[in-house]
Amino acid sequence: MSWSILEFLRKNPEELKNNLKRRAIDVSLVDKAVELDKKWRQVLQEVERLRHQHNVLSSQIPKLSGEERKKKIEESKNLLKILEDKEKELEKIEVERDRLLSSLPNLVADDVPNGPDDSYNIPIKFWGKFKVYEGDVEEFLRQTKDANVNYEIIKWKPKGHAEMLEDVLHLGNTLKAAEIAGSRFYYLFNDIVWLDFALLLFAIDYITQQGYTLVLPPYMLRGEVIQSVIDLDTFKDAIYKIENEDLYLIATAEHSIAAMFFKEEIEKDKLPLKFAGISPAFRKEAGAANKDLKGIFRVHQFHKVEQFIFSTPEDSWKYHAELITNAESIFQQLELPYRIVNIASGDLGACAAKKFDLEVWMPAQAKFREMVSCSNCTDWQAFRMKIRYVDRKNNKRGYVHTLNSTAIASTRTITAILENYQREDGVVEVPKVLRKYLEIFPKAPKDYIYPLKIR
């Protein structure tokens, strides 16, 4: 499905209204957009009529002389002034209309579950062997909703990642970080830092082997750009702004990579363009209230490897499947048990037509937690950033589709490792797939790798 917002507005405004209803958003926005577009087309007709009149006059003047010539020149000047005023009016209406269109969320895909919040999200796949404390079995079965899952019951209660990190392993300090920087910041030490970099190297190695171009993007973007990539009005409390400058810190490499072709055209035969971006991610988490104040799951800064694809409209759903498959492969290689969730319409961000989350089971918390978010934004971002493809063979232009997915968010994945690879004796093993990346670092603790005793 292609967004093609202006076409939908003109041909099927009711579909846009139904889309807003699915997202629990006021449908009057569509009525306002319809009125503005109607007014724009009326003024456009006037502009085109005036242009035609002016062209006719301009073609007549060279053939005239004397008073008649002077009269036509004066008439042409007056007409030109009226035309300029109408063109300004047209531009003003167009800006207002497009601003309103840009504020509308993406069209929700047909197979997205309907519902106002995350309680309507639908798990569609489970993978791995889930470690479940005997006191949490009933809760685990409730969350898996009688799906055919493989799990083992353990008689000892795993410690939460925050307790493991700070009280057992002594490899993190959030209290001091909170004192000098505020809540949701952290210090990490020694083996956890090596683990962070091993995760990043593993994700980069795997994704680039799939044919993705590695990119280190800008960590800041101008206001015009960031407003094109995300719904800034909704997420202004999540994004850091640089004081007295028109710059925002990125919350993910997705933002910078999406803007790589800002206001440009891409030859259709060059699509798809696939990128693996590595960057820090900066997030205010202002809407998170008191969730996850302990530990390093929900923090203001972390490292992230992001997958991103520019695609033709006809291929974007194929690449959406590819992105989530890549993410699944990463977590399967890490041997972290997870589920894939189809996100409900009311829980989708404005830019996504459909989104899958990959959620890992956290045995200490007895719940699934999001590790990966994988979205098809169709042409929502491209429309706002004016990124088009050019099909010269068929003399056709259109908006590209953009897709994104987490490959690895380092600190979140570390929390999953600390809880899932934890043993009753306090040893935390390192996933086998990461060990060769730890061996790259001369100072990494080789004698602790099999298993890694980080305490």
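Reference entry: report on the structure contained in this document. The structure presented is a predicted model; accordingly, all values stated were derived computationally and were not measured.

In terms of regular secondary structure, the protein chain is built from 15 helices and 17 strands. With the C-alpha coordinates of the protein chain rotated into their principal frame, the extents come out at 105 × 45 × 45 Å. Per-residue burial over the protein chain gives 52% buried out of 455 residues. Here the contacts in the protein chain between residues at least 6 apart in sequence split such that 72% fall between residues at least 24 apart. When the accessible area of the protein chain is evaluated, it comes to approximately 22,000 Å², of which 49% is carbon and sulfur surface. The average position of the 69 basic charges and that of the 70 acidic charges among the side chains of the protein chain differ by 3 Å.

Turning to helix α8 (residues 190-209), a few remarks are in order. Taking 1.5 Å per residue, 20 residues should reach 28 Å; α8 reaches 29 Å between its end C-alpha atoms and fits that length. All of the buried residues in α8 are Asp-191, Ile-192, Leu-195, Asp-196, Ala-198, Leu-199, Leu-200, Phe-202, Ala-203, Ile-204, Tyr-206 and Ile-207. Once α8 ends, the next one or two residues include Gly-211, with phi positive near 100 degrees.

With that settled, consider the sheet that holds strand β15 (residues 388-391). Pairing is mixed in the open sheet, where three strands are placed in the order β9-β15-β16. Both outer strands of the open sheet, β9 (265-267) and β16 (396-399), are each paired with one neighbouring strand and no more. Put simply, the sheet's adjacent strands are angled 30 degrees from each other on average, direction ignored.

Compared with the 26 Å implied by 1.5 Å per residue over 18 residues, the 26 Å span of helix α12 (residues 316-333) between its first and last C-alpha is a close match. Buried within α12 we find Ser-316, Tyr-319, His-320, Leu-323, Ile-324, Asn-326, Ala-327, Glu-328, Ser-329, Ile-330 and Phe-331. Once α12 ends, the next one or two residues include Glu-335, with phi positive near 55 degrees.

The next subject is the environment of Asn-148. The topology assignment puts Asn-148 in the loop between α5 (137-144) and β3 (150-154). The exposed category is assigned to Asn-148, whose relative accessible area is 82%. Distance from Asn-148 to Lys-125, taken between C-alpha atoms, is 9.7 Å for residues 23 residues apart in sequence.

Pairing in this open sheet of eight strands is mixed, and the strands run β1-β12-β13-β14-β17-β11-β10-β6 from one edge to the other. Every other strand in the sheet has two partners, leaving β1 (122-127) and β6 (213-215) as the edge strands with one partner each. Neighbour-to-neighbour, the strand axes of the sheet open up by a mean angle of 25 degrees, direction not taken into account. The sheet contact formed by β6 and strand β10 (residues 273-282) spans three bridges and is parallel. Bridge pairing links Thr-213 to Phe-275 in β10. Along the sheet, α5 contacts β1, β12 (338-342), β13 (354-362) and β14 (367-376); its crossing angle with β14, the most-contacted strand, is approximately 20 degrees.

All right, on to the nonpolar core then. Note that soluble globular proteins tend to have their nonpolar side chains buried in a common cluster. Of all hydrophobic cores here, the largest spans 58 residues; its most connected members are Ile-330, Phe-331, Leu-334, Val-360, Met-371 and Leu-434. Sequence-distant contacts of Ile-330, that is, excluding residues within four places in its chain, are made with Phe-202, Ala-203, Tyr-206, Ile-207, Ala-407 and Ile-408. Counting 28 residues, the second largest nonpolar core, distinct from the first, contains Val-229, Ala-251, Ile-266 and Leu-271.

With that settled, consider the side chain of Gln-143. Within the secondary structure, Gln-143 sits in helix α5. For Gln-143, a relative accessible area of 10% translates into the label buried. A distance of 2.8 Å separates polar atoms of two side chains, one belonging to Gln-143 and the other to Glu-139. Not counting residues up to four positions away in its chain, the partners in contact with Gln-143 are Phe-126, Arg-339, Trp-361, Ala-366, Lys-367 and Phe-368.

What follows concerns the layout of surface pockets. As a volume, the second largest pocket reaches approximately 800 Å³. The wall of the second largest pocket is formed by 28 residues, among which Asp-98, Ser-102, Phe-383, Arg-384 and Lys-386 lie closest to the centre. Going through the elements one at a time, α1 (5-11), α4 (66-103), α9 (223-229), α10 (232-235) and α13 (380-385) are the ones with two or more residues in the lining of the second largest pocket. A per-element tally of the lining of the second largest pocket places α4 first, with seven residues. Tallied by class, residues from the lining of the second largest pocket come to nine nonpolar, five polar and 14 charged.

Cut-offs applied
Residues numbered from 1 in each chain as written. Predicted model: local features only at pLDDT ≥ 70, side-chain atom pairs only at ≥ 80, totals over all residues. Heavy atoms only, no water. Helix = DSSP H or I, 4+ residues; strand = E, 2+ residues; numbered from the N terminus. Buried < 20%, exposed > 50% of the residue type's maximum accessible area, 1.4 Å probe, protein only. Contact = heavy atoms within 4.5 Å. Areas by Shrake-Rupley, 256 points an atom, 1.4 Å probe, with all protein chains shown as cover. Lys, Arg positive; Asp, Glu negative; His and termini not counted. Charge placed at Lys NZ, Arg CZ, Asp CG, Glu CD. Expected span 1.5 Å × (residues − 1). Pairing = 2+ DSSP bridges. Axes fitted to C-alpha atoms, helices over the stretch in contact; angles between N-to-C directions. Core = buried A, V, L, I, M, F, W, Y, C linked by side-chain atoms within 4.5 Å. Polar contact = N/O pair within 3.5 Å; in protein donor to acceptor, adjacent residues only side chain to side chain. 1 Å grid on protein atoms, 1.4 Å probe; cavity = no way out; pocket = protein on both sides within 12 Å on 5 of 7 lines; lining within 4 Å. Points joined across faces, edges and corners; volume = space filled by probe spheres on them. Nonpolar A, V, L, I, M, F, W, Y, C, P; charged D, E, K, R; others polar.

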